Amino acid sequence: MNQPLFSVTNLSKKFGKTIACDDISFDLWPGEILGIVGESGSGKTTLLRSIAGLIKPDQATISYQGKNNKLLNIDQMDEPKLRHLQRTEWAFVHQHPRDGLRMNVSAGANIGERLMANGWRHYDDIRKEAIKWLEAVEIDAKRIDDLPRTFSGGMQQRLQIARNLVTNPRLIFMDEPTGGLDVSVQARLLDLLRGLVRDLGLSAIIVTHDLAVARLLSNRLMVMKDGQVIEHGLTDQVLEDPQAAYSQLLVSSILQV
Amino acid sequence: MNEIPPKEPLIETIIEPATQIDPNYNFAYLNEQTKKMIRRALLKAVAIPGYQVPFAGREMPMPYGWGTGGVQITASILTPDDVLKVIDQGADDTTNAVSIRKFFQRTAGIATTLNTAAATVIQTRHRIPEQKLQEGQILVYQVPIPEPLRFLEPRETETRKMHAFEDYGLMHVKLYEDISQHGHIATTYAYPVMVENHYVMDPSPIPKFDNPKMNNNPALQLFGAGREKRIYAIPPYTKVVSLDFEDHPFEIQAWDQPCEICGAEDSFLDEVIMDDQGTRMFVCSDSDYCQSRSEVQS
Ligand SMILES: Nc1ncnc2c1ncn2[C@@H]1O[C@H](COP(=O)(O)OP(=O)(O)O)[C@@H](O)[C@H]1O
Ligand SMILES: [Mg+2]
Ligand SMILES: [Zn+2]
């Protein structure tokens, strides 16, 4: 394919006087994992939520190459169509599992919701699929009827991922997916994510303030500061030879750890 | 089983005639402007079957739990020639039913009845009469919580969108949870339905036994939620389907025995305690249905 999967042009978003995203443009190519890094408050979450259609940017042209090679204008799309896309071809993993899970229904129902929303009406089939995905994210299938609140933070995050992947999306947006987790739990989740993304042939946009996470997962890197993209390139290049002074600072501080 | 002969129509004998209106009230309590506003909401509700129409509900001289939503609808549709029946859990003689009936006798001076067939308007809490309703009849339901998606999605902005976009995965999540916890769909009251292939609707806390009666019913069905100020409707002969799974199909309640008073096998039964020895009996919850069947037999 010689078309980008996802293309963002001139995206801006203000909150009052705060310019959270300032005229951002980039492409994502099929099969690519794009990392967006930058310190807290640099506009990463706002950018991710804007391009995934969760909030409305003030200005942007966003296009997505849908299944069957249909080019879709996301910024013009009406809400029912957008929602359909969000629950079929796309996935969104929130930083806090509680924002991405239904805490008051079982793990199985959490995974099954997207299937049911897409018309699945056979209980046993839904259940089998839920078990398959619990196992794929390394949660004991015996926990299928348990509430997420009885799960550890790492398990909740894996459940959120399973809930998202169950419809075989093509593009996954992740906001600090390893954010609130212990270091050892982070490592396991990262391994799992890397494996899933590779095995399922997913394209992904991953926001993180953690360069180590970005290095492990992404092919390409965008560095953000004060709502602007200040550096953009292949991950290895950016990390080995950062151009912007800010990126140099970021890289030197992180890679010592 | 005894052969039960078909029921005779006894209509003339069972209507309690019109009474004197209390002159301190406008007809049926509400002022004409309020009634017009409610009728407009009703027309919209009828035009979009199953859709919840907001309305500027009025304070009624009774607490919300007493069916103020239903009372406001009834007040807005009554005409002096109507014959009103009021039931609560199938019975005409409970405090709630009696007081609403008296309220309209006093404020509208209309005739009332206990007999389903003789009524033109039936206000109900928690049941649909066993006797088949007819064209021209109106069934008014008292609704405590109109939003079927509320328990899983508390945000009103979100549930509105789910309805508008027919984004109803969540409704099946509830049924899924039922099965995963109980092995079957354990929801027995307020069992969700889909109206005319679009809106998912809470039928109010009627037993699921009554759900099939809503489908293709010749009568007009109106639903009023007083506290939440919502009105919705099922026009006559509308398709109403109870939600389910292919491998766990919708089923109504069934009993191992007929009604111990009238012998009905097709009626919703309540278990009642008959004396202070704790003797239990299964009898029709619809007292008019049970009585009229027993009268015919004796
Ligand atoms: N809902 C909001 N209302 C007001 N300001 C916001 C809102 N969301 C984000 N901001 C502001 O926008 C800027 C970027 O925030 P955010 O996108 O969350 O950054 P990051 O994810 O990189 O930490 C910050 O200054 C933040 O305070
Ligand atoms: Mg953030
Ligand atoms: Zn009986």
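Structure: above.
Residues numbered from 1 in each chain as written. Chains lettered and ligands numbered in written order. Predicted model: local features only at pLDDT ≥ 70, side-chain atom pairs only at ≥ 80, totals over all residues. Heavy atoms only, no water.

Engineer: Residue-level account of the overall build of chain B, with values.
Structural biologist: Looking only at helices and strands, chain B features eight helices and 13 strands. Taken over the C-alpha trace, chain B has a radius of gyration of 20 Å; the compact-globule value for 298 residues is 19 Å, and the two agree within 12%. When each of the 298 residues of chain B is scored for burial, the buried share is 54%. The contacts in chain B between residues at least 6 apart in sequence include a share of 64% that link residues at least 24 apart. (Helix = DSSP H or I, 4+ residues; strand = E, 2+ residues; numbered from the N terminus. Rg over C-alpha atoms; globule rule 2.2 N^0.38 Å. Buried < 20%, exposed > 50% of the residue type's maximum accessible area, 1.4 Å probe, protein only. Contact = heavy atoms within 4.5 Å.)

Engineer: Please provide a residue-by-residue account of the side chain of Arg163(A), values included.
Structural biologist: Residues and elements named next belong to chain A. If you trace the backbone, Arg 163 turns up in helix H6 (residues 153–165). Classification of Arg 163 as buried rests on a relative accessible area of 14%. Here Asn 110 takes part through its backbone oxygen, which lies 3.1 Å from a polar atom of the side chain of Arg 163. Setting aside its immediate chain neighbours within four residues, Arg 163 contacts Gly 100, Leu 101, Arg 102, Asn 110, Ile 111, Glu 113 and Arg 114. (Polar contact = N/O pair within 3.5 Å; in protein donor to acceptor, adjacent residues only side chain to side chain.)

Engineer: Account for the sheet that holds strand E8 (residues 203–208) of chain A, with residues named and values stated.
Structural biologist: Residues and elements named next belong to chain A. Pairing in this open sheet of six strands is mixed, and the strands run E6-E7-E8-E3-E9-E10 from one edge to the other. Lying at the two open borders of the sheet, with one neighbouring strand each, are strand E6 (90–93) and strand E10 (228–234). Within this sheet the neighbouring strands show an average axis-to-axis angle of 15°, counted without direction. H6 contacts E6 and strand E7 (171–175) of the sheet and is inclined by roughly 170° relative to E6. (Pairing = 2+ DSSP bridges. Axes fitted to C-alpha atoms, helices over the stretch in contact; angles between N-to-C directions.)

Engineer: Explain the site of ligand 1 to me, using residue names and the numbers behind them.
Structural biologist: Residues and elements named next belong to chain A. Close contacts around ligand 1 come from Phe 15, Thr 18, Ala 20, Glu 39, Ser 40, Gly 41, Ser 42, Gly 43, Lys 44, Thr 45 and Thr 46, and that covers them all. Here Gly 43 contributes a backbone N or O atom positioned 3.1 Å from an oxygen atom of ligand 1. Contacts to ligand 1 include Lys 44, whose side-chain N or O atom sits 2.8 Å from an oxygen atom. When isolated, ligand 1 has an accessible area of 560 Å², and the protein chains bury 57% of it. At the level of elements, strand E2 (18–28) and helix H1 (44–51) are the ones that each hand at least two residues to the shell around ligand 1. It is H1 that provides the largest number of residues to the shell around ligand 1, a total of three residues. The residue makeup of the shell around ligand 1, split by class, is two nonpolar, seven polar and two charged. (Near = heavy atom within 4 Å. Areas by Shrake-Rupley, 256 points an atom, 1.4 Å probe, with all protein chains shown as cover. Nonpolar A, V, L, I, M, F, W, Y, C, P; charged D, E, K, R; others polar.)

Engineer: Residues and numbers for the pattern of salt bridges, please.
Structural biologist: With the rule as written, the count across this model stands at 31 salt bridges over all chains. We note a salt bridge from Glu228(B) to Arg150(B), for which the minimum N-O separation is 3.2 Å. Of this pair, Glu228(B) sits in the loop between strand E9 (220–225) and strand E10 (230–234) while Arg150(B) sits in the loop between strand E6 (138–142) and helix H5 (156–164), and the two are 78 residues apart along the sequence. In this structure Glu228(B) comes out as partly exposed when scored by relative accessible area, which is 24%. Between Glu156(B) and Arg230(B) there is a salt bridge; the shortest N-O distance is 2.9 Å. With Glu156(B) in helix H5 and Arg230(B) in strand E10, this residue pair connects regions lying 74 residues apart in the sequence. Here the salt bridges do not stand alone but share partners, grouping Glu79(A), Arg83(A), Arg87(A), Glu158(B), Lys161(B) and Asp167(B) into one network. (Salt bridge = Lys/Arg side-chain N within 4 Å of Asp/Glu carboxyl O.)

Engineer: Give a description of the interface of chain B and chain A that names residues and reports values.
Structural biologist: On the chain A side, the residues contacting the 21 residues of chain B number 21 residues. Taking both sides of the interface into account, the surface hidden between chain B and chain A amounts to around 2,000 Å²; carbon and sulfur atoms contribute 57%. In terms of surface lost to chain A, no three residues of chain B exceed Phe165(B), Tyr176(B) and Asp247(B), which account for 29% of the buried area on that side. The interface formed by chain B and chain A includes five salt bridges. Across the salt bridge formed by Glu153(B) and Arg102(A), the nearest N and O atoms sit 3.6 Å from each other. With eight residues, the single largest contributor to the side of chain B that touches chain A is helix H6 (residues 169–182) of chain B. Partitioned by chemical class, the residues of the side of chain B that touches chain A number nine nonpolar, four polar and eight charged. (Buried area = accessible area lost by both parts, 1.4 Å probe.)

Engineer: Break down the sheet that holds strand E5 (residues 121–125) of chain B for me, citing the residues and quoting the values.
Structural biologist: Two orientations exist for strands paired in a sheet by backbone hydrogen bonds: parallel and antiparallel. All names here are of chain B. As summarised here, the arrangement of the eight strands in space is E1-E4-E3-E5-E6-E9-E10-E2, forming an open sheet in which the pairing is mixed. Two strands in the sheet have a free side with no partner beyond their single neighbour: strand E1 (15–16) and strand E2 (53–54). Sheet topology note: the strand E3 (residues 83–88)/strand E4 (residues 111–113) ladder contains two bridges and is parallel. Looking at the pairing, Val 83 lines up with Ala 111 of E4. Across the sheet, helix H2 (residues 32–47) touches E2, E9 and E10, and the angle it forms with E10 is around 45°.

Engineer: I'd like a description of the packing of helix H3 (residues 68–77) of chain B against helix H4 (residues 95–108) of chain B, backed by residues and values.
Structural biologist: Geometry of a packed helix pair, given as the angle between the helix axes and the separation of the axes. Residue and element names in this part refer to chain B. Axis separation between H3 and H4 bottoms out at 12 Å; the angle between their running directions is 30°. Judged on the interaxial angle alone, H4 and H3 are roughly parallel. The chirality of how H3 crosses H4 is right-handed. The segment H3 lies against H4, with Val 71, Thr 74 and Ala 75 engaging Ile 100, Phe 103 and Phe 104. For the contact of H3 with H4, the residue count by class is five nonpolar, one polar and no charged. (Parallel < 35°, antiparallel > 145°, perpendicular 65-115°, else oblique. Left-handed = near helix turned anticlockwise from the far one by under 90°.)

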